[in-house]
Amino acid sequence: MTDGMNSKAWFEKAQALLPGGVNSPVRAYKAVGETPRFIAYAKGAFVTDVEGRSYLDCMGSWGPMILGHAHPRVVDAVQLAASNGTSFGTCSPLEVELAERVVAAFPGIEKVRFVNSGTEAVMSAVRLARAATERSKILKFAGGYHGHADHLLAEAGSGIATLGIPATPGVPKEFTQPTLTAPYNDLASVERLMEEHGRDIACILVEPVAGNMGVVPPEENFLGGLRALCDRHGALLVLDEVITGFRVAYGGAQERYGVRADLTTLGKIVGGGLPVGAYGGRRDLMDMLAPEGAVYQAGTLSGNPLAMAAGVATLDVLREESPYEHLERQGKTLQEGFEKAASAAGVPVTINRVGSMFTVFFSEAPVRDYASVQKSDAARFVAFFRAMLKSGIMLPPSPFEACFLSTAHSDADIKHTVRVAKRAFAKAAGAS
Ligand code: PLP
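The present account deals with the structure reproduced in this document.

What counts and what doesn't
Residues numbered from 1 in each chain as written. Predicted model: local features only at pLDDT ≥ 70, side-chain atom pairs only at ≥ 80, totals over all residues. Heavy atoms only, no water. Disulfide = S-S within 2.5 Å. Buried < 20%, exposed > 50% of the residue type's maximum accessible area, 1.4 Å probe, protein only. Pairing = 2+ DSSP bridges. Helix = DSSP H or I, 4+ residues; strand = E, 2+ residues; numbered from the N terminus. Near = heavy atom within 4 Å. Polar contact = N/O pair within 3.5 Å; in protein donor to acceptor, adjacent residues only side chain to side chain. Areas by Shrake-Rupley, 256 points an atom, 1.4 Å probe, with all protein chains shown as cover. Nonpolar A, V, L, I, M, F, W, Y, C, P; charged D, E, K, R; others polar. Axes fitted to C-alpha atoms, helices over the stretch in contact; angles between N-to-C directions. Left-handed = near helix turned anticlockwise from the far one by under 90°. Contact = heavy atoms within 4.5 Å. Salt bridge = Lys/Arg side-chain N within 4 Å of Asp/Glu carboxyl O.

Before going further, it helps to spend a moment on the state of the cysteines. One pass over the structure, following the stated rule, counts 0 disulfides. Note on Cys203: no disulfide assigned, nearest cysteine sulfur contributed by Cys230 at a separation of 7.9 Å. Residue classification places Cys203 among the buried positions, given a relative accessible area of 0%. The cysteine Cys403 is free of any disulfide, with Cys58 supplying the nearest cysteine sulfur at 6.4 Å. Taking the relative accessible area as the measure of exposure, Cys403 reaches 7% and is therefore buried.

So this is what it looks like as C-alpha cells:
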C-alpha cells in the first residue's frame, strides 16, 4: 500500500495531484512548517505512518474518534453493512435505528435528517431556520466555524483562522452580508445586534463550546442568555454540536449546560468516523422539510448504510460504557500535568478544556473569544507541536484547533504525553 515511499515522497506526489497535496487545508501542515505524516493505518489511540512510525493520536480525526481507531464493534458493524451492499438510494432500517438513538439522546430533537457532512447539516439547518421564520439574517460568532457554506465563512475559525485568510475569494459579498457576527461570550454585543436587527434575524448559530478557534468554553449564562434573546426576538437558537454532540456528554452541550435548542446540528461522532452529518429539532420545524413540507434538501448518499452502521455501533458503545467521567478524569490529569510542565519551563499557558477536548494557548491571559485567541504566541505553539511530533505525539497542526482524547487513551498514555510535554515546553520556551 505504501509503495516503499516515505511521507515526504507521498506529499510531493500528492502536491502534483491534489491542491496543496490535501483534501482539507489544515492537513497540509503549513502553519507548523512540517511534512504531513501519511497514515497507513490506525488502531486504538495510535496512528502509524507509511514509514512504520506510530504516533499517539491526540487529534482523533478532528473529533469523531471518541472510541479510538478501528474499534472492533465499529469495524464489525461496517463490515457487516458493507457485505450487505454499500448504498441503496432508498429506505433502510439502519437510518431509523440511528435516528432512534439520536432522538433519545437529545430531548430537543424530535425528528432528525441525516446528511453527509457537518457543512451540509449546518447549511440545511440555517435554510430551515430562514424558512420557518421568514427572515434572512443570521447571527454567528467570530472564530466560530460551521463548515464551508458561503454564508457561513464570515469571520470563521478553523482553517480560515489557521491560514489567516481574511475573506474567501469566490464568496460574493452579498452572500455574507446577511451574516452578522458578534464576539463569543459577549452577550451585551449580541443584545445590541438583536435590538437593532432582531426582527430580521432567523437564528443565532453557535458552537456551544467553541472548538474551531481552539477550545473556548461558554461563560456562565452565555448560552442561557442567547436562548432568552432568541425567545424575546422570535429567532431560533441553532446549536452546532458537530464537535460537542456525544463528546462533552452523551447528550452534547445541551445536556452538559442544560440549554434548549430549536435546531441542533451533529456530525463527527454520530457517524463513527464515516462521513455523516445530521440536523434535527422540533417536529413542527422538521416537518417543514420536503417531502412533508416545501423546504428542499436531498442527498444521493444520505443515510448511507455504512455510515449509519458505524454511528449505531459507536453510540451503543458510548451508551453502554458511559465513558464521560473517565474522559473527564483523563483530561484533567493531562491538563494539570501540562500546566505543571509549562510552569517549570517558564512558559505561560492557558489551557482551556471541556471534558476530553482541550487547547493549549501560549498566552497568560484568559482566552474567552477570538480576539484573545489571537494573542497566543504562534512561534511557541509551532516549537511545542514539532517537539511533540518528533517524540511521537500527534497534535492538530494549528494553534486554533482542539485536541481530543479517546477511550483508547490509557493512563500510561496520558502519563507518557505529560512526560514528553515537559521537553516540548522547554523547546517552546526558547522559541518566542
Ligand atoms: N460545525 C462545526 C462545529 C465543526 O467543527 C465542523 C468541522 O470541523 C463543521 C461544522 C463542518 O463539518 P464537516 O467538516 O464535516 O463539513
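Take the sheet that holds strand S12 (residues 357-361) next. Backbone hydrogen bonds are what pair the strands of a sheet, in a parallel or an antiparallel way. Reading across the sheet, the 3 strands line up as S11-S12-S14 and stay open at both edges, with antiparallel pairing between neighbours. Each edge of the sheet is formed by a strand with only one pairing partner; in this case those strands are strand S11 (350-354) and strand S14 (403-404). Here 5 bridges tie S11 to S12, and the two strands are oriented antiparallel to one another. Bridge assignment links Thr350 to a residue of S12, and that residue is Phe361.

Next up on the list: the site of the ligand. Ser117, Gly118, Thr119, Tyr145, His146, Gly147, Glu207, Asn212, Asp240, Val242, Ile243 and Lys268 make up every residue found near the ligand. A distance of 2.8 Å separates an oxygen atom of the ligand from a polar atom in the backbone of Gly118. Note that a nitrogen atom of the ligand is positioned 2.7 Å from one of the side-chain N or O atoms of Asp240. Burial of the ligand by the protein amounts to 82% of the accessible area it has alone, namely 390 Å². For the shell around the ligand, a count of residues per class yields 3 nonpolar, 6 polar and 3 charged.

Look at helix H3 (residues 93-105) against helix H11 (residues 305-321): their axes get within 9 Å of each other, and the N-to-C directions meet at 35 degrees. Seen along the crossing, H3 lies across H11 with a hand that is left-handed. Between H3 and H11, the residues in contact are Leu94, Glu95, Glu97, Leu98, Arg101 and Val102 and Pro305, Met308, Ala309, Gly311, Val312, Leu315, Asp316 and Arg319, respectively. Tallied by class, the residues present in the contact of H3 with H11 amount to 8 nonpolar, 1 polar and 5 charged.

On to the pattern of salt bridges, then. Counted by the stated rule, this structure contains 20 salt bridges. In this structure, Arg227 and Asp231 form a salt bridge, with 2.7 Å as the shortest nitrogen-oxygen distance. Of this pair, Arg227 and Asp231 both sit in helix H8 (residues 222-233), 4 residues apart, roughly one helical turn. The class of Asp231 is partly exposed, set by a relative accessible area of 46%.

Attention now goes to the pairing of strand S2 (residues 46-49). With 4 bridges connecting them, strand S1 (residues 39-43) and S2 associate as antiparallel partners. Within the sheet, the bridge partner assigned to Ile39 lies in S2 and is Asp49. Connecting the antiparallel pair S1 and S2 is a turn made up of 2 residues, with Gly44 showing a positive phi of about 60 degrees. Hairpin connection between S2 and strand S3 (residues 54-57): a loop of 4 residues separates the two successive antiparallel strands, and Gly52 in this loop has a positive phi of roughly 85 degrees.

This paragraph deals with the pairing of strand S10 (residues 277-281). Most of S10 is tucked away, with 5 of its 5 residues classed as buried. Of the two faces of S10, the one carrying Gly277, Tyr279 and Gly281 and the one carrying Ala278 and Gly280 are both buried. Pairing between strand S9 (residues 263-267) and S10: 5 bridges, direction antiparallel. Paired with Thr265 across the two strands is Tyr279, which belongs to S10.

Time to look at the side chain of Lys140. Positionally, Lys140 belongs in strand S5 (residues 137-141). Here Gly144 takes part through its backbone oxygen, which lies 3.2 Å from a polar atom of the side chain of Lys140. In this view, Lys140 contacts His146, Leu152, Ala154, Glu155, Ala156, Thr179, Leu180, Thr181, Ala182 and Leu205; residues no more than four positions away in its chain are not counted.

The strand order across the open sheet built from 4 strands is S1-S2-S3-S13, with neighbouring strands paired in mixed fashion. At either end of the open sheet lies a strand with only one pairing partner, and these are S1 and strand S13 (393-394). Sheet analysis places S2 next to S3, joined by 3 bridges and oriented antiparallel. Paired with Thr48 across the strands is Ser54, a residue of S3.

Looking along the chain, the bond that leaves Ala290 and enters Pro291 is cis, with omega of 10 degrees. Tracing the sequence through the fold places Pro291 in the loop between helix H10 (283-286) and H11. One non-glycine residue, Trp62, lies in the positive phi region at around 70 degrees. Along the polypeptide, Trp62 turns up in the loop between S3 and helix H2 (72-83). Exposure remark for Trp62: the relative accessible area of 18% places this residue in the buried category.

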